[in-house]
Amino acid sequence: MTTHRVTWTETCARRLERQGLAAPAPSSPAGIAAAMLGAHAQVLSAAELSLALRLDGGATRADVREALWGEGSLVKTYGPRGTVHLLAAADLPLWTGALSAIPAGPSPMPADVRMTAEQTEQVVAAIGDALAGADLTIDELTEAIVARTGSWAGDRVMDAFQDKWPRWRQVMHKAGHRGVLRFAPNRGRKATYTSPGVAPMDGPAASAALVDRYLRAYGPATPAHFAKWLAAPKAWADGLFTSLADKGRIEEVVFEGSPAWVASGDTGFPDERPRGVRLLPYFDAYTIASQPRELLFPGVAYERALAGGQAGNFPVVLVDGTVAGVWHQRRSGRRIAVTVEPVGNALKTAARRRELERQAERVGEILQGRAELKVGRVTVGPHA
């Protein structure tokens, strides 16, 4: 049996193609969220940009908001790494089944703050009961949980943003993973929460399906890459990959000289090199899930665009599938100042500058404003 050999260039081309970054995809916000395995939404505008920039037809943040709060094809909830994501609603049984099956590590909370396993189960059950058929603010949900469990759940002992949160909030993400909590539309300026109303898939089946989806979007990859993406124990990921390999669900390839995995039979890669300039927002899925980091962030980009090895803290400029700079935006009314700080020589040519200008225009369209691009200290020009 011949082992397939895969290069970084081929891998970049396939990853870009499969999630609408090679060219905008004829899909929907929910369809592209499924393809990229969710959009990080701690900052909702970043998730809106992540999704819309991958869609053709001039999609804007309004289309993403309609999918989320109108038609409900998107769901805002706790996803990979316990962080807030926009996920395809149709995928929620898979996500909740897989995320709730990940073994829990030791609590990072101090001993006088953390909750016991029994208390955790009480709180998750209370959340599910309180949110069934209701939309509650965080204060209303706290009152409902305390009424169902005890005053200990409401003790304000968690350090958070120069404030103290009630004890129960340390397992809020777990309630999302169990399928008993998701975000609902804001009530004024206050976030509200409700029940997703779905039953999680069987854990082992969901975990296997998530590996398949991950490898099709971001493979070739190793168990360590998968574990890092999920913030899951590596030993658990090792065992999961071994089990799937034994069942013929995944197959080994040689990726840049080292063993890695793809979904079984999914060994086709584009012949053409990856092309194009993209402006990716904070915590875009491509920069979080794509590995290895030293190839995605080559040379100086590794120092400039990673915060202590943590991807996502800087919006990045992607050139031909690899990071070639960082960028930021500042909004004033409809005007959006887009400032790009390139590293290396990837943006030196006139053709690359024109691509960058078009990307800035697209960012302005998506955010329903007018973008003005600057590269370093040089103003390239305003864009309507």
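Residues numbered from 1 in each chain as written. Predicted model: local features only at pLDDT ≥ 70, side-chain atom pairs only at ≥ 80, totals over all residues. Heavy atoms only, no water.

Novice: Looking at this structure, how should I read the packing of helix H9 (residues 203-218) against helix H11 (residues 234-246)?
Specialist: The axes of two packed helices give the description: the angle between them and the distance between them. Running from amino to carboxyl end, H9 crosses H11 at an angle of 90°, the nearest separation of the two axes being 11 Å. Classified by the angle between their axes, H9 and H11 sit roughly perpendicular to one another. Contacts from Ser207, Ala208, Val211 and Leu215 in H9 reach Trp236, Leu240, Phe241 and Leu244 in H11. Class assignment for the residues of the contact of H9 with H11 results in 7 nonpolar, 1 polar and no charged. (Axes fitted to C-alpha atoms, helices over the stretch in contact; angles between N-to-C directions. Helix = DSSP H or I, 4+ residues; strand = E, 2+ residues; numbered from the N terminus. Parallel < 35°, antiparallel > 145°, perpendicular 65-115°, else oblique. Contact = heavy atoms within 4.5 Å. Nonpolar A, V, L, I, M, F, W, Y, C, P; charged D, E, K, R; others polar.)

Novice: I would appreciate a short explanation of the sheet that holds strand S5 (residues 136-137) in the present structure.
Specialist: Working definition: the strands of a sheet are paired by backbone hydrogen bonds and lie parallel or antiparallel to each other. Pairing within the open sheet is antiparallel, and its 3 strands lie in the order S5-S9-S8. Either end of the sheet is taken by a strand with one partner, and the two such strands are S5 and strand S8 (182-187). (Pairing = 2+ DSSP bridges.)

Novice: What exactly am I supposed to notice about unusual backbone geometry here?
Specialist: Trans is the prevailing form of peptide bonds, just as negative phi is the prevailing case for residues other than glycine. Cis geometry is found at the peptide bond from glycine 219 to proline 220, where omega equals 0°. Note on placement: proline 220 falls in the loop between H9 and helix H10 (223-230). A cis amide bond links glutamine 291 to the next residue, proline 292, at an omega of 0°. In this model, arginine 81 sits at a positive phi of 65°, which is unusual for a non-glycine residue. As for its position among the elements, arginine 81 is in the loop between strand S3 (74-78) and strand S4 (84-88).

Novice: I would appreciate a short explanation of the pattern of salt bridges in the present structure.
Specialist: Enumeration according to the criterion identifies 20 salt bridges in this entry. Between aspartate 129 and arginine 148 there is a salt bridge, with its nearest N and O atoms 2.6 Å apart. Pair noted here: aspartate 129 is in helix H6 (residues 117-131) and arginine 148 is in helix H7 (residues 138-148), with a separation of 19 residues, a long-range link. The exposure class of aspartate 129 is partly exposed, given its relative accessible area of 48%. Accessibility expressed as a relative area gives 42% for arginine 148, which makes it partly exposed. Between glutamate 341 and arginine 304 there is a salt bridge, with the nearest N and O atoms lying 2.9 Å from each other. With a gap of 37 residues between them, glutamate 341 in strand S15 (residues 335-342) and arginine 304 in helix H14 (residues 300-305) connect regions that are remote in the sequence. Judged by relative accessible area, glutamate 341 falls into the partly exposed class, the value being 29%. (Salt bridge = Lys/Arg side-chain N within 4 Å of Asp/Glu carboxyl O. Buried < 20%, exposed > 50% of the residue type's maximum accessible area, 1.4 Å probe, protein only.)

Novice: What is the right way to read the pairing of S3 from this model?
Specialist: Along any regular strand, the residues point their side chains to alternate faces of the sheet. Most of S3 is tucked away: 5 of the 5 residues are buried. Relative to S4, S3 is paired through 5 bridges, and the arrangement is antiparallel. Each bridged residue has a counterpart across the sheet, and for tyrosine 78 the counterpart in S4 is valine 84. With antiparallel pairing between neighbouring strands as the criterion, S3 and S4 make up a hairpin whose turn holds 5 residues, including arginine 81 at a positive phi of roughly 65°.

Novice: How should the nonpolar core be read in this particular structure?
Specialist: In summary, soluble globular proteins display a tendency toward joint burial of nonpolar side chains. Residues Phe226 and Trp229 are the most contacted members of the largest nonpolar core, which totals 119 residues. It is H9 that provides the largest number of residues to this core, a total of 9 residues. Apart from residues lying up to four places away in sequence, phenylalanine 226 is in contact with Leu210, Val211, Tyr214, Trp236, Ala237, Leu240 and Phe241. (Core = buried A, V, L, I, M, F, W, Y, C linked by side-chain atoms within 4.5 Å.)

Novice: Which parts of the structure should I look at to understand the side chain of threonine 149?
Specialist: Within the secondary structure layout, threonine 149 lies in the loop between H7 and strand S6 (156-160). For threonine 149, a relative accessible area of 18% puts it in the buried group. Residues contacting threonine 149, with those up to four places away along its chain left out, are Gln122, Val123 and Ala126.

Novice: What exactly am I supposed to notice about the environment of valine 211 here?
Specialist: Relative to the elements of secondary structure, valine 211 occurs in helix H9. Note: C-alpha distance between valine 211 and valine 363 (152 residues apart in sequence) is 32 Å. Once residues lying within four places of it in the same chain are set aside, the contact partners of valine 211 are Phe226, Leu240, Phe241, Leu244 and Ile250.

Novice: Help me understand the sheet that holds strand S2 (residues 39-40), please; the structure alone is not making it clear to me.
Specialist: Strands sit in the order S2-S4-S3 across an open sheet of 3 strands; the sheet is antiparallel. At either margin of the open sheet sits one strand with a lone partner, and together these are S2 and S3.

Novice: What exactly am I supposed to notice about the packing of aromatic side chains here?
Specialist: Aromatic rings in a pair are described by how distant their centres are and how their planes are angled relative to each other. Evaluation of the coordinates by the stated rule reveals 11 aromatic pairs. Here the aromatic rings of phenylalanine 226 and tryptophan 229 are separated by 5.9 Å at their centres, their planes lie at 45°, and the arrangement is tilted. One end of the pair is phenylalanine 226 and the other is tryptophan 229, both in helix H10 and 3 residues apart, which spans about a single turn. Neither phenylalanine 226 nor tryptophan 229 differs from the other in exposure class; each is buried. The structure contains a cluster of three or more aromatic residues connected by ring pairs, namely Trp95, Tyr214, Tyr218, Phe226, Trp229, Trp236 and Phe241. Geometry around phenylalanine 183 places lysine 76 over its ring, the cationic atom sitting 4.6 Å from the centre. (Phe/Tyr/Trp six-rings, centres within 6.5 Å; stacked < 30°, edge-to-face > 60°. Lys NZ or Arg CZ within 6 Å of the ring centre and 35° of its normal.)

Novice: Where do I start with H10 in this structure?
Specialist: In an α-helix, one turn spans 3.6 residues, which is why side chains three or four residues apart end up on the same side. When you tally the buried positions in H10, you get 6 out of 8 residues, the bulk of the element. All of the buried residues in H10 are Pro223, His225, Phe226, Ala227, Trp229 and Leu230. Check the buried side of H10 and you find it contacts helix H5 (92-99), H9, H11, strand S11 (258-263) and helix H12 (285-289). Positioned one or two residues after H10, alanine 231 has a phi angle of 55°, which is positive.

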